[in-house]
Amino acid sequence: MKEDWRKNKKKEGSAVGGPYLSVHLRRADFLYARKNFVPTLDGAVKQIKTIMEKQKLDTVFLAADAPENEINYLKERLPLVKYEPTRPVLKKYGDGGVAIIDQWICAHAKYFVGTKESTFSFRIQEERDILGFNADTIFNCLCSDKEIGTCEQPTR
């Protein structure tokens, strides 16, 4: 790649990504501030399993602001991987730096699904677009339980 990223000419579909699904699942304030966009944990599991089957993937990388008990709940139901920084890494980079590591891992997956109206998800989508992924592997969002199968997906 050229040093000035603006001079790079991408060809859509030139990026393939690693053999995993990356998921950004917002919880915390989105559970009440954006409750119409966020699935329950079981709704998220159902959607993630469907995507894994369609994409023929058997590993999920999760970026989430969920409490440990919710992460454990998901780990019991999905082949989940989550980046857990060591104490020195956390001290060196802080929470913001660790979030960027999560974004970078998400950006390099074969397929990404995020949370609607999340800036974190948007940045991952933007990076994937710059890298040259096909649009149908970039602009996907988890749906609320009542919208599963019918919520808007920008590339469909």
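About the cut-offs
- Residues numbered from 1 in each chain as written.
- Predicted model: local features only at pLDDT ≥ 70, side-chain atom pairs only at ≥ 80, totals over all residues.
- Heavy atoms only, no water.
- Core = buried A, V, L, I, M, F, W, Y, C linked by side-chain atoms within 4.5 Å.
- Buried < 20%, exposed > 50% of the residue type's maximum accessible area, 1.4 Å probe, protein only.
- Helix = DSSP H or I, 4+ residues; strand = E, 2+ residues; numbered from the N terminus.
- Pairing = 2+ DSSP bridges.
- Contact = heavy atoms within 4.5 Å.
- Axes fitted to C-alpha atoms, helices over the stretch in contact; angles between N-to-C directions.

Draft legend 1. Looking closely at the nonpolar core. Leu21, Val23, Leu25, Ile48, Val60, Leu62 and Leu74 are the most contacted members of the largest nonpolar core, which has 21 residues in total. Elements with a contribution of two residues or more to this core: strand 1 (18-25), helix 2 (41-55), strand 2 (60-64), helix 3 (68-77) and strand 4 (109-115). Among the elements that line this core, the one with the most residues is helix 2, at six residues. Of all hydrophobic cores here, the second largest spans nine residues; its members include Cys106, Ala109, Phe112 and Ile124.

Draft legend 2. Geometry of the sheet that holds strand 5 (residues 141-142). Spatially, 3-2-1-4-5 is the arrangement adopted by the five strands of the open sheet, whose pairing is parallel. Each edge of the sheet is formed by a strand with only one pairing partner; in this case those strands are strand 3 (80-81) and strand 5. Sitting on the sheet, helix 4 (residues 87-107) is in contact with strand 1, strand 2 and strand 4, with an inclination near 145 degrees to strand 2. Relative to strand 4, helix 5 (residues 119-131) is tilted by about 150 degrees, and along the sheet it contacts strand 1, strand 2, strand 4 and strand 5.

These figures capture arrangement, not role.
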